[in-house]
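# Close look at the chain arrangement
Below are the chains, spelled out letter by letter.
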Amino acid sequence: MRTIQAAALTDAVAKLCIQANTRLPEDIVAALDAARHGEPWPLAQETLGLLWENMELAEEKNLPVCQDTGMACVFVELGQDVHIEGNFEDAIHQGVRQGYGEGFLRKSIVGDPLRRVNTEDNTPAAITLRLMPGDGCRITVAPKGFGSENMSRLGMLKPADGVEGVKQFVVETVKLAGSNPCPPIVLGIGIGGSFDKVAYLAKHALLRPIDQPNADPFYAALERELLEEINALGIGPQGFGGKTTCLGLSIETAPTHVAGLPVAVNVSCHVTRRATAEL
Amino acid sequence: MQYRLTTPVTREDLAPLKAGDTVLLSGTVYTARDAAHKRMMELLDAGKPLPFPVEGSAVYYVGPTPERPGQVIGSAGPTTSGRMDPYSPRLLDLGQRIMIGKGKRNQAVKDAVVRSGAVYLAALGGAGALMAASVKKLEVICWEDLGCEAVRKLEVEDFPLTVILDVHGGDLYESGPAAYLASLHAG
């Protein structure tokens, strides 16, 4: 049995909140770089150049890449042989409070969805805990902006809709979103499971680097086909028109019921943020 | 085509602008988003004045990150404008001339743009650090309790924007992708 102090969790989460909001992950940076060099449409080229400049400026001036520093989505993979000394959830919320305060990040959370009073410290975090074998503790903070989150969709398709139905649903989601989610976008796609599980799959898919295809060749091919179809829509960076509508997408699947084919699309933007630490 | 404009602007200043043109905007820009718009409507309903002179004004839909000591403003990219659709036509009819944000607007806003001789300009979504670089002064003028949603008076210099909706009924979110797709077939 290994013991981890709650304070260590707090420190790690605080640092990850700041890191995620000021430095984009390597795979997203590489995809933006490839896009700005591969974009044929002049206005789109120029727009991608400005997004690149923004990223550099954020680093240089120590500013968040985007002002919507998001809801703090915290994923913890916790070894079952770990004992947390102190309150696990409180420790994570405290980390978010600290990170968003010290990092001059925006406080974007209201304590109640209808009465809407800002909690003023960006808590609570949205915590997802997964128990794993062993005694490790892996924390990922993925701040999520709501310009793109609001464009996400979930559909309970029929088994007869099959792969074509899924493709249609995903492409339709991107068309409906248009310029709203700050394209070029990144998509996390869940297929299968249940109503709640499929949304989790879509969100979790956004944690996978976009240069890493699905391990199953069938779904890796589907990822490639979908990306090609989306980038043929012409929406382009910021919706001004162009080739680069989507930087990359990841599919995650789960077994499902004989009667169903759930699909969920979690839309994210060119500022898809995640930072990970191992304790 | 690129235009340089300084606020407050007139109908005549905006008449030549077409969807797809770029604008470098200088002068005073007021910030307001969801909660501030709602309160402005309540003021109007009560027959009270708005927190800033609306005639010729520019309103930027933004909730910046807090500024660090020594900084004018934190990150300050646009929020999704569609959420302001229920409020915008009323403000445009009162003389607001420029809306700054990102993303689609509804038909009522498009009609109001044409009717009132206004424009809808896009700031770069997700480019908060870049947009912040053009902001030279910041003052919270109203509703400090709203935090990042409080109304701020910004002084901007060469704020880089793109015309989305123009007074002629143009919409870059339709014409831009269509022009790109047409270029593929033409090639």
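See the structure above.
Here the structure is a predicted model, which is why all the values come from computation and not from measurement.

In terms of regular secondary structure, chain A is built from 8 helices and 10 strands. Whereas a compact globule of 279 residues would reach a radius of gyration of roughly 19 Å, chain A reaches 19 Å, a difference of no more than 12%. Referenced to the eigenvectors of the C-alpha coordinate spread, the extents of chain A come out at roughly 50 × 50 × 40 Å. Here chain A holds 279 residues, and the buried ones make up 49% of them. Excluding contacts between residues fewer than 6 apart, the proportion of contacts in chain A whose partners are at least 24 apart in sequence is 82%.

All names here are of chain A. Two numbers describe how helix α1 (residues 6-22) lies on helix α4 (residues 88-102): the axes approach to 7 Å, and their chain directions differ by 35 degrees. Considering only the axes of α1 and α4, their crossing is right-handed. Here α1 contributes Ala 6, Leu 9, Thr 10, Ala 12, Val 13, Ala 14, Lys 15, Cys 17 and Ile 18 to the contact with α4, which in turn contributes Phe 88, Ala 91, Ile 92, Gln 94, Gly 95, Val 96, Gln 98, Gly 99, Tyr 100 and Glu 102. In the contact of α1 with α4, the residues fall into 12 nonpolar, 5 polar and 2 charged.

All right, on to the sheet that holds strand β5 (residues 137-144) of chain A then. Backbone hydrogen bonds hold the strands of a sheet together, and the pairing may be parallel or antiparallel. All names here are of chain A. Taken together, the 4 strands give an open sheet; going across it, the order is β4-β2-β5-β10, and neighbouring strands pair in mixed fashion. Strand pairing shows two members of the sheet lacking a second neighbour, β4 (126-132) and β10 (275-278), which therefore form its edges. Each strand of the sheet is rotated relative to its neighbour by a mean of 15 degrees, with strand direction disregarded. In terms of strand pairing, strand β2 (residues 71-79) meets β4 through 7 bridges, oriented parallel. The residue of β4 that forms the bridge with Cys 73 is Ala 126. The sheet contacts of α1 involve β2, β5 and β10, and relative to β5 the element is tilted by about 40 degrees.

Bringing the nonpolar core into the picture now. Among the nonpolar cores identified, the biggest contains 129 residues, and A:Val13, A:Cys17, A:Val141, B:Ile100, B:Val119 and B:Leu121 are the most heavily contacted of them. Contact partners of A:Cys17, with chain neighbours within four places excluded, come to A:Ala72, A:Val96, A:Gly99, A:Tyr100, A:Gly103, A:Leu105, A:Val141 and A:Pro143.

A:Thr123 connects to A:Pro124 through a cis peptide bond whose omega is 0 degrees. Structurally, the position occupied by A:Pro124 is in the loop between α4 and β4. Here the bond from B:Thr7 into B:Pro8 is cis, since omega is -5 degrees, no more than 30 degrees from zero. Summarising the element assignment, B:Pro8 is placed in the loop between β1 (2-6) and α1 (11-14).

The next thing to look at is the pairing of β5(A). Residues and elements named next belong to chain A. Where burial is concerned, most of β5 is hidden: 6 out of the 8 residues are buried. Note that β2 and β5 share 8 bridges and pair antiparallel. Bridge assignment links Leu 78 to a residue of β5, and that residue is Cys 137.

Reading guide: rules and limits
Residues numbered from 1 in each chain as written. Chains lettered and ligands numbered in written order. Predicted model: local features only at pLDDT ≥ 70, side-chain atom pairs only at ≥ 80, totals over all residues. Helix = DSSP H or I, 4+ residues; strand = E, 2+ residues; numbered from the N terminus. Rg over C-alpha atoms; globule rule 2.2 N^0.38 Å. Buried ≥ 20, exposed ≤ 12 C-beta atoms within 10 Å, placed from the backbone. Contact = placed C-beta atoms within 7 Å. Axes fitted to C-alpha atoms, helices over the stretch in contact; angles between N-to-C directions. Left-handed = near helix turned anticlockwise from the far one by under 90°. Nonpolar A, V, L, I, M, F, W, Y, C, P; charged D, E, K, R; others polar. Pairing = 2+ DSSP bridges. Core = buried A, V, L, I, M, F, W, Y, C linked by C-beta atoms within 7 Å.

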